[in-house]
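# An overview of the molecular structure
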Amino acid sequence: MSKLESLNQWVEAVARSTQPERVHWCDGSEAENDALIDLMLQRGDLIELNPRTHPDCYLHRSNPSDVARVEHLTFICTKSKDDAGPNNHWMDPAEAHAKVDALFAGCMKGRTLYVIPYCMGPIDSPLSRCGVEITDSPYVVANMRIMTRMGAAALERIEREGTFVKGQHSTGELDPHKRFIMHFPEELTIKSIGSGYGGNALLGKKCHALRIASYQARTEGWLAEHMLIVGIQNPKGETHYIAAAFPSACGKTNLAMLIPPESYLKAGWKVWTVGDDICWMTPGADGRLWAINPEAGFFGVAPGTSAKTNPNALAMLNHDTIFTNVAVTADGDPWWEGLPDGVPVKDWQGRDYLATNGPAAHPNSRFTVSAKQCPSWSPHAEDPQGVPISAIIFGGRREHLVPLVFEARDWTHGVLVGSAMGSETTAAATGAVGVLRRDSMAMKPFCGYNFADYFAHWLSLEKSGAKLPKIFHVNWFRKGDDGKFLWPGFGDNMRVLEWILGRSNGSEGAEETPIGNIPRAQDLNLDGLDLTRSKLEALLHVDLESWAAEYESIGEYLASYGARMPQKLLDEHRRIAALLAEDVAESDAVGTP
Ligand code: TSX
Ligand code: MN
């Protein structure tokens, strides 16, 4: 029971409909967590991993039909279909409530209904927002305890504020035909049934902190983005913060936990992790954007995580971690593809690995771990006022065309660059490999309203008094004629981040091109890097003719959002397309005898 009558009434109403055997209000305590872990071990929902090498680590195996987010079953339910936009699946709110309420009716019979009060963001930050998730899954409770500030302190804040996002979840029958993830942004309500998977079931994360929050952010003048936040400390001891958006499979978590190359470490550089997935940014009194990470932990993809790709992540995963759908070795150690040592004996479904021909760990297998366990966790990550953002980076996985890095000319150009962003599909995603998918600001699956209105909102942040960060685009994945990656990536990305911060404070040079400003060879610090001149030129090359074609394609994509598209963005696109056409014509003329 709470002191807040509206909360009690909602919990009672959900209990009346779902018919649980008992109701448990979560306080977030150690004792409560211990009891839940014991219960899950008993029920077989969790398996204890090797307590010698991995104390307090557990493995959860989900239903094989329930291992990822389900975009085709995810709906934005606004009164007007146009408010959801072509980027979302839409359902009429009344129809959506009726559909999903019928599935919730009696679904918790014989089970416990858990009430999870949670705070997204530091508990004492004015930028944080609270919610309450109701669920019948102890796995969800245990994960929410790691991923959010959950329990007594959050409930206290909710009672003080009187408002909260309502999230109603049940694993239901885990039948994909009875699975729905419904968002009612106008009612600050989420209803999710039929899935126990993270993105569908941990409602504080994608559902609240991105879909509902992006909708709120628009009406309130801030941004809820799918971005990592990283702090770069220079040898003078100053730390500048960067927010960066990438589609999946580009290594966002790796960039958030980057360890600089030896020469940088020697010179005194240091990288601090503030967040790896979500960034809430608000214009401060000084006109700058101030950012918080609304999450308290990492729900990261395990495969590919190793001492080579992400030493900081690996170092935090040997205690107090929940693993989902990884494989296990004979010693009971967690295992996934990309780890150099260890031999899997059971695959992610608990089958004898040698008897299968699939991967040992599911490609979307995860670790859930408290951010406090990250060796590079920033001492300012929980500052109530947030951290000031000096640069915004958009990125994608592009084998050809897109240079290692370029700087947008101004805010409007930067918004265009973000809107045009895209990535080539990898084997980890379903469907064809190497196909370009546009994913504006990496928000395609997560924007809770019409993309055209979203782009207009981004543009609207540029007003008098605003001191907005510069916007950049990076591509770690360009390949040479030999089919090999041109850029070493990982820790060496630090060299690109240094140039980006140098551009932001005016200390670094660049060359202007129609698509933006590119570093010249002498503008990048390549000390200690074995990179040939021709590879560097290939990395930074801007092929005007191919870019003219790319701008055609971007134009078609923008046009698909229809009449609500801000004219300013369409004009910016046309301006650059014209510049490219001009330069192509000129170089043709030069080439003609
Ligand atoms: O995360 C990656 N980053 C960002 C790191 C801070 N990955 C992994 C992507 C899958 C999630 C990368 N992969 C990066 C990168 O910068 N670059 C590449 C491509 C690449 C892969 C291997 C090598 C070089 C580039 N080198 C060798 O294998 C020796
Ligand atoms: Mn994400």
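Residues numbered from 1 in each chain as written. Chains lettered and ligands numbered in written order. Predicted model: local features only at pLDDT ≥ 70, side-chain atom pairs only at ≥ 80, totals over all residues. Heavy atoms only, no water.

### Focus on the overall build of the protein chain
Helix and strand counts for the protein chain stand at 17 helices and 30 strands. In terms of overall size, the protein chain behaves like a compact globule, its C-alpha atoms giving a radius of gyration of 24 Å where 593 residues would be expected to give roughly 25 Å. Seen through its principal axes, the protein chain has C-alpha atoms that stretch 85 × 55 × 45 Å. Taking all 593 residues of the protein chain together, the buried fraction comes to 58%. Of the contacts formed within the protein chain by residues at least 6 apart in sequence, a portion of 72% connects residues at least 24 apart. Within the protein chain, the 74 negative side-chain charges are centred at a point lying 2 Å from the centre of the 56 positive side-chain charges. (Helix = DSSP H or I, 4+ residues; strand = E, 2+ residues; numbered from the N terminus. Rg over C-alpha atoms; globule rule 2.2 N^0.38 Å. Buried < 20%, exposed > 50% of the residue type's maximum accessible area, 1.4 Å probe, protein only. Contact = heavy atoms within 4.5 Å. Lys, Arg positive; Asp, Glu negative; His and termini not counted. Charge placed at Lys NZ, Arg CZ, Asp CG, Glu CD.)

### Here we look at the site of ligand 1
Close to ligand 1 lie 14 residues; Gly-251, Asn-254, Gly-489, Phe-490 and Asn-493 are nearest. Measuring from an oxygen atom of ligand 1, one finds a backbone N or O atom of Phe-490 at 3.0 Å. Asn-493 places a polar side-chain atom, nitrogen or oxygen, 2.9 Å from an oxygen atom of ligand 1. Protein chains bury 64% of the 640 Å² of accessible surface belonging to ligand 1 in isolation. Classifying every residue of the shell around ligand 1 by side-chain character gives nine nonpolar, four polar and one charged. (Near = heavy atom within 4 Å. Polar contact = N/O pair within 3.5 Å; in protein donor to acceptor, adjacent residues only side chain to side chain. Areas by Shrake-Rupley, 256 points an atom, 1.4 Å probe, with all protein chains shown as cover. Nonpolar A, V, L, I, M, F, W, Y, C, P; charged D, E, K, R; others polar.)

### Quick notes on the coordination of the manganese ion (ligand 2)
Protein-derived coordination of the manganese ion (ligand 2) comes from Lys-206 (NZ), His-226 (NE2) and Asp-277 (OD), at a distance range of 2.2 Å. Linear spacing of the donor residues for the manganese ion (ligand 2) on their chain is K-x19-H-x50-D. Of the two residues, Lys-206 sits in helix H8 (residues 204–220) while Asp-277 sits in the loop between strand E15 (270–275) and strand E16 (279–283), which places them 71 residues apart along the sequence. Pair check on accessibility: Lys-206 and Asp-277 agree, each one buried. (Donors = N, O, S within 2.8 Å, 3.2 Å for Na, K, Ca; no water.)

### Describing the sheet that holds strand E22 (residues 344–346)
In spatial order, the strands read E21-E20-E22; together these three strands make up an open sheet with antiparallel pairing. Whereas interior strands pair on both sides, the edge strands pair on one side only; in this sheet they are strand E21 (334–335) and E22. Here two bridges tie strand E20 (residues 327–329) to E22, and the two strands are oriented antiparallel to one another. Note that in E22 the partner of Val-328 across the bridge is Lys-346. (Pairing = 2+ DSSP bridges.)

### Things to note about the sheet that holds strand E23 (residues 366–370)
The strand order E2-E3-E19-E23-E18 describes an open sheet built from five strands, whose pairing is mixed. Looking at strand neighbours, the two that pair on one side only are strand E2 (47–48) and strand E18 (297–301), the edges of this open sheet. Alignment of strand E3 (residues 58–60) against strand E19 (residues 322–324), held across three bridges, turns out to be parallel. Bridged to Tyr-58 within E19 is Ile-322.

### Re the packing of helix H2 (residues 30–43) against helix H5 (residues 138–147)
Taken N-terminus to C-terminus, the directions of H2 and H5 make an angle of 140°; their axes are 10 Å apart at the nearest point. Between H2 and H5, the angle falls in the class oblique. Pair H2 / H5 crosses with left-handed handedness. Mapping the contact onto sequence places Glu-30, Asn-33, Leu-36, Leu-39, Met-40 and Arg-43 in H2 and Pro-138, Tyr-139, Val-141, Ala-142 and Arg-145 in H5. Looking at side-chain class alone, the contact of H2 with H5 contains seven nonpolar, one polar and three charged residues. (Axes fitted to C-alpha atoms, helices over the stretch in contact; angles between N-to-C directions. Parallel < 35°, antiparallel > 145°, perpendicular 65-115°, else oblique. Left-handed = near helix turned anticlockwise from the far one by under 90°.)

### Things to note about the nonpolar core
Counting residues in hydrophobic clusters, the biggest one holds 152 residues, and the most contacted among them are Ile-392, Trp-458 and Ile-500. Ranked by residues supplied to this core, first place goes to H5 with seven residues. Met-108, Leu-113, Cys-130 and Leu-155 belong to the second-largest nonpolar core, a separate cluster that totals 28 residues. (Core = buried A, V, L, I, M, F, W, Y, C linked by side-chain atoms within 4.5 Å.)

### Concerning the domain arrangement of the protein chain
Quite often, the size of an interface is put as the accessible area lost when its parts meet. Assigned domains of the protein chain: these are domain 1 (5–48 + 65–221), domain 2 (225–293 + 380–579) and domain 3 (297–373). Relative placement of domain 2 and domain 3: their C-alpha centres are 29 Å apart. On the side of domain 3, eight residues touch domain 2, which itself brings nine residues to the contact. Across the domain 2 to domain 3 interface the summed buried area is about 810 Å²; carbon plus sulfur atoms make up 59%. The largest share of the area that domain 2 buries against domain 3 comes from Asn-254, Met-257 and Ile-259, three residues that together contribute 51% of it. Here Glu-382 and Lys-372 are joined by a salt bridge, their closest N and O atoms 3.3 Å apart. Our enumeration of links across domain 2 and domain 3 arrives at three residue pairs in polar contact (both at pLDDT 80 or more). Across the side of domain 2 that touches domain 3, the residue classes break down as four nonpolar, three polar and two charged. (Domains from an automatic or database assignment. Buried area = accessible area lost by both parts, 1.4 Å probe. Salt bridge = Lys/Arg side-chain N within 4 Å of Asp/Glu carboxyl O.)

### Digging into a negative patch on the surface
On the surface, a cluster of negative charge is contributed by Glu-30, Asp-34, Asp-38, Glu-48, Asp-56 and Asp-320. If you tally residues by element for the negative patch, the top one is H2, at three residues. Position of Asp-38 among the secondary structure elements: in helix H2. (Patch = residues over 30% accessible without salt bridge, like charges linked within 9 Å, V, L, I, M, F, W, Y side chains within 5 Å.)

### Thoughts on the pattern of salt bridges
Tallied over the full model, the rule gives 31 salt bridges. Between Arg-564 and Asp-83 there is a salt bridge, with the nearest N and O atoms lying 3.0 Å from each other. A residue pair is termed long-range when its members are at least 10 positions apart, and Arg-564 in the loop between helix H16 (544–559) and helix H17 (567–591) and Asp-83 in helix H3 (residues 81–84) qualify at 481 residues. Arg-564 gets classed as partly exposed once you look at its relative accessible area, which sits at 31%. Residues Arg-351 and Asp-347 are paired through a salt bridge, measuring 2.9 Å at the closest nitrogen-oxygen approach. Linked through salt bridges whose partners overlap, the residues forming this network are Lys-205, Lys-206, Lys-252, Asp-277 and Glu-295.

### Re the packing of aromatic side chains
The description of an aromatic ring pair rests on the distance of the ring centres and on the angle between the ring planes. Summed over the entire model, instances satisfying the criterion amount to 21 aromatic pairs. On the basis of an interplanar angle of 70° and a centroid distance of 5.6 Å, the ring pair of Phe-451 and Tyr-561 is categorised as edge-to-face. In this pair, Phe-451 is assigned in helix H13 (residues 451–460) and Tyr-561 in the loop between H16 and H17, connecting sequence segments 110 residues apart. According to the relative accessible area criterion, Tyr-561 is buried, its value standing at 8%. (Phe/Tyr/Trp six-rings, centres within 6.5 Å; stacked < 30°, edge-to-face > 60°.)

### Considering H13
Most of H13 sits out of view: eight of its 10 residues are buried. Listed in full, the buried residues belonging to H13 are Phe-451, Ala-452, Asp-453, Tyr-454, Phe-455, His-457, Trp-458 and Leu-459. The backbone nitrogen of Ala-452 lies 2.9 Å from a side-chain oxygen of the residue at the head of H13, namely Asn-450.

### Brief notes about the side chain of Asp-333
Mapped onto the secondary structure, Asp-333 falls in the loop between E20 and E21. A distance of 2.6 Å separates a polar atom in the side chain of Asp-333 from a polar atom in the side chain of Thr-53. Residues contacting Asp-333, with those up to four places away along its chain left out, are Asn-50, Thr-53, His-54, Ala-327 and Val-328.

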